[in-house]
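Commentary on secondary and tertiary structure
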Amino acid sequence: MAASRRLVVSLLLVAAMATTAKSASSESCASYTFSSNQQYGSCAALPHLGTTLHYNYTAATNTVAVAFRAPQTAKGWVAWGINPTGSGMVGTQAVVAFHGSNGSLIAYPTVLDSYAPSMAPAADAAPITGVSAEENAKAKEVVVYATVALPAGKGSKFNHVWQQGGSVSGDVPAAHPTSGDNVLSVGTIDFSK
């Protein structure tokens, strides 16, 4: 009896800590101030890689304006995107950002068409516009901005992926690690919420 009571108390403590951590994460997510003072009505602290997604969904035009915040090393890259046809990486329409060989921050849309995508700028970036990025040196993170035209007839709920890689070669992001949080950085998001 005492053992089952301890188990119940332990489970309640774990649940309370998880709720507190989620609340604290949501508060820091919602209170973030962008350099342009842009306001986003919704945000989600993503569960892996220390990343956050801020967004404004416009149902009338079926578009979502996003700001993806991610820690980044001077030699690394970050990416976020939606996959309108599947649940993983392949098929994702993404935005990627990194420091180019000249030191400037580069951001563009790309299509992840395989498990070894070229990561080159997309020739037809029609669903993703307004791509830009800025560095928040104090927070040691990069913020990538974009507007995504969501596929017609598919509603507001999509699979999305986010990623970080440790190196860029010839102004092209190199492969990310294939273990740990890097392979867990997938989920579903409903932009209307």
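Our subject in this report is the structure included herewith. Model, not experiment: these values are computed from the prediction.

Conventions adopted
Residues numbered from 1 in each chain as written. Predicted model: local features only at pLDDT ≥ 70, side-chain atom pairs only at ≥ 80, totals over all residues. Heavy atoms only, no water. Helix = DSSP H or I, 4+ residues; strand = E, 2+ residues; numbered from the N terminus. Buried < 20%, exposed > 50% of the residue type's maximum accessible area, 1.4 Å probe, protein only. Polar contact = N/O pair within 3.5 Å; in protein donor to acceptor, adjacent residues only side chain to side chain. Contact = heavy atoms within 4.5 Å. Phe/Tyr/Trp six-rings, centres within 6.5 Å; stacked < 30°, edge-to-face > 60°. Lys NZ or Arg CZ within 6 Å of the ring centre and 35° of its normal.

Glancing now at unusual backbone geometry. Even without glycine at this site, Leu 49 takes up a positive phi of about 70°. Along the polypeptide, Leu 49 turns up in the loop between strand E1 (42–45) and strand E2 (52–58). Note on Leu 49: relative accessible area 13%, which makes it buried.

A few words on the side chain of Gln 163. Mapped onto the fold, Gln 163 is located in strand E9 (residues 157–165). Within the structure, Gln 163 has its side chain in polar contact with the side chain of Asn 182 (distance 2.4 Å). Beyond its immediate chain neighbours, meaning those up to four positions away, Gln 163 contacts Leu 49, Trp 77, Val 78, Ala 79, His 176 and Asn 182.

As enumerated under the stated definition, the model contains five aromatic pairs in all. Ring centres 5.3 Å apart and planes at 80° place the aromatic pair Tyr 55 and Phe 191 in the edge-to-face group. One end of the pair, Tyr 55, is in strand E2; the other, Phe 191, is in the segment after strand E12 (186–190), and 136 residues separate them in sequence. Judged on exposure class, the residue Tyr 55 and its partner Phe 191 are both buried. Members of the aromatic cluster, each reached through a chain of ring pairs, are Tyr 32, Phe 34, Tyr 40 and Tyr 145. Cation over ring: Arg 69 sits above Tyr 32, and NZ or CZ is 3.7 Å from the ring centre.

Just geometry here; none of it tells us what the structure is for.
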